[in-house]
Amino acid sequence: MKRPTILVLGAGYGGLTTIVNLQKLINTHEAEIILVNKNDYHYETTWLHEVGAGTISPDKARYPISKVINDNVTFVIANVENIDVNTKKVETSAGEFTYDYLVIGLGFEGETFGIPGLKEHALSLTNINTARQVREHIEYQFASWILGEVKDDSKLTIVVGGAGFTGIEFLGELGNRIPELCREFDIPQEKVRLLCVEAAPTVLPGFDPELVDYAQEQLRKKGVEFSIGTPIVEATAEGVKIKKGEGNTEFIKAGTVVWAAGVRGNALIESSGIESNRARIAVHEDMRAPGFDDVFIVGDCAFLLNEDTGRPYPPTAQIAMQQGAIIAKNIKHIMNDEPTEVFVYDDKGAVCSLGQEDAIGTAFGRKFTGKPASALKKVVDDRALYLVGGVGLTLKKGKFKFI
Ligand code: FAD
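About the cut-offs
Residues numbered from 1 in each chain as written. Predicted model: local features only at pLDDT ≥ 70, side-chain atom pairs only at ≥ 80, totals over all residues. Heavy atoms only, no water. UniProt positions renumbered as here; feature names shortened; annotations may be inferred. Helix = DSSP H or I, 4+ residues; strand = E, 2+ residues; numbered from the N terminus. Contact = heavy atoms within 4.5 Å. Areas by Shrake-Rupley, 256 points an atom, 1.4 Å probe, with all protein chains shown as cover. Near = heavy atom within 4 Å. Polar contact = N/O pair within 3.5 Å; in protein donor to acceptor, adjacent residues only side chain to side chain. 1 Å grid on protein atoms, 1.4 Å probe; cavity = no way out; pocket = protein on both sides within 12 Å on 5 of 7 lines; lining within 4 Å. Points joined across faces, edges and corners; volume = space filled by probe spheres on them. Nonpolar A, V, L, I, M, F, W, Y, C, P; charged D, E, K, R; others polar.

Taking an unreviewed UniProt entry as the reference, the protein chain is identified by name as NADH dehydrogenase, FAD-containing subunit belonging to Solibacillus silvestris. Taken from UniProt, the Sequence similarities (unreviewed entry) comment for the protein chain reads in full: "Belongs to the NADH dehydrogenase family." What UniProt records for the protein chain under Cofactor (unreviewed entry) is the sentence "FAD".

Structure follows, in C-alpha cells:
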C-alpha cells in the first residue's frame, strides 16, 4: 500500500514545530513527510527588530533547517506559488506536489490597510531580508547626512508606524543602536528624531496598563516621541502625512519610515479554495480548515477564537509552536483512526523587550520590568530554540547574557 504523503508548507515557528514533532511520531514506513520552504534556513521572526536596528547580525537570527530535521523528512527549498485544496495540488518553483495531509504554515505579511504610498515607501520587519534592508537603510541615511554639504536633518528622522509589539520592540532596540551609530558617523545625537505614530488610542493594546506606562517612560528616556491616536494617512518618498484632529494633517519629513502596524496571513491563502478573512482561516478546534479534513493551518495563517474572551488569539510564535505540536499529534491520530485532540492554548505570558537590557512582561502570574524582564525574554527566546533543535541549537544560537 502506498504511504500517505504529509506536505508541510513553511518552516517558520508553526511549520518547523510541526515537522520536528512529526519526525518523532511517524517513521518513514508510515508516511512520506515533505517540507517546502523558500530558504534553506529558518529565521527567528521574533528577533527581527534586533536585526532591523542592527543590534544583532542577520546570521545570529537564522540557522540551517538541515540542522533540525532528520532522514524521515524530505526537505525541498522552493517558493510555494499556488495552493489548490480542491484538486490537492501545490505548485512550487521546484514543481508540483500532491498530498494526503497538508499543513499550511506560510506566516504573515504586512497589512497596510490601503493607506496610499505605504507599500511603496515604507520598510518593514517581515523577514530576514526586509529587516536587513531596514538596518542598511538607516545606516545609509546616516552616511548621507554626514556627506551632505547642506545638512538635511530629516535624513536622521525615523518614523515607526505602530505601537504594538513589533513597533515598541524595534524602538527599544533603536534606543540602544542610535548612540552607537552617532558615535560611528560623528553625528550629534540630538539631531536624530525617533517618532512612534499610532492610530489607536493606546500603546501596546492588551498589555497591563502599569507595564505600558513603564515602557513608554523608558522609551521616552531613550529619545522616543509618541504621537498616539494619530493615523498615518499617506506615505511618500519624503515622509508621512499624519491626521491630527478633525480635518488637520501634518507632514513629517523622514529619511526612514518603518511600518509595523498590522499583519495578515500569507496572500496564497486567498486563492487556495478555503474561505478566509485577511488571508487568515478560521480553523476548527483541532486546527483543521473548515470543509477540508485533510488540511491543517498553523501559525499566523490560522484564526482561532478564544472562547473565554470572545476575542481571537493574537498571532504569536508561542501560539504557532503549540499549534504545530498538536497538528503533528492529530495527523498521527487520523492515520491511526483515532479521534483528534482539541487545541488548548497554554498561555505562558508575554514579554516585550525595550532594548538589550530592558523589557516588560507577565509570567507565572507576576509582572516584570527592567533587567529581570529582559532576562525572561532571553529565556523565552532560548526556549523556542530548545523546543525545535534541543540543547545543541540552543548552545549555538541562544542568548546567554542575562544581566
Ligand atoms: P513565520 O515564523 O513567519 O514563518 C513562515 C515561514 O514560511 C517562513 O520560513 C517563510 O520563509 C516561509 N514562507 C513564506 N512564504 C513562502 C512561500 N511562498 N514559499 C515557501 N516558503 C514561504 N511572537 C511572540 O510569541 N513573541 C514575541 O516576542 C514576538 N515578537 C515579534 C517581534 C517581531 C519583530 C515580529 C515581526 C513578530 C513577533 N512575534 C512575536 C510574532 C511571531 O513572530 C509570529 O506570530 C510568528 O512568526 C508566526 O509563525 P508562523 O510559523 O506562522 O510564520
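Structure's up, so let's keep going.
Caption draft 1: Expanded view of the overall build of the protein chain. Of the regular secondary structure elements, the protein chain holds eight helices and 27 strands. Once the C-alpha set of the protein chain is aligned to its principal axes, its extents read approximately 75 × 45 × 45 Å. Across the protein chain, every contact between residues at least 6 apart in sequence was considered, and the portion connecting residues at least 24 apart equals 65%. In the structure as shown, the protein chain presents an accessible area of about 18300 Å², 51% of it carried by carbon and sulfur atoms.

Caption draft 2: The arrangement of the UniProt feature "domain: FAD/NAD(P)-binding" (unreviewed entry) in the protein chain in detail. Per the UniProt entry, the sites bearing "domain: FAD/NAD(P)-binding" (unreviewed entry) are residues 5–324 in this numbering. For residues 5–324, the end-to-end C-alpha separation is 17 Å, with 27% helix and 30% strand making up the annotated structure.

Caption draft 3: Representation of the site of the ligand within the structure. Taken together, 33 residues are adjacent to the ligand, and G14, V80, D300, A317 and K377 come closest. Here a nitrogen atom of the ligand and a backbone polar atom of V80 are 2.8 Å apart. At 3.2 Å from an oxygen atom of the ligand is found a main-chain nitrogen or oxygen belonging to Q318. For the ligand, the protein covers 92% of the area, taking 1000 Å² as the surface of the free molecule. Those elements that provide at least two residues to the shell around the ligand are α1 (13–25), α5 (165–185) and α7 (317–335).

Caption draft 4: Region of interest: empty space enclosed by the protein. Applying the stated rule across the entire model yields one cavity of 30 Å³ or more. Empty space within the largest cavity amounts to approximately 60 Å³. For the largest cavity, the lining is made up of 13 residues, of which R280, G299, A302, P314 and I319 are closest to its centre. No other element matches the three residues that α7 contributes to the lining of the largest cavity. The residue makeup of the lining of the largest cavity, split by class, is eight nonpolar, three polar and two charged.

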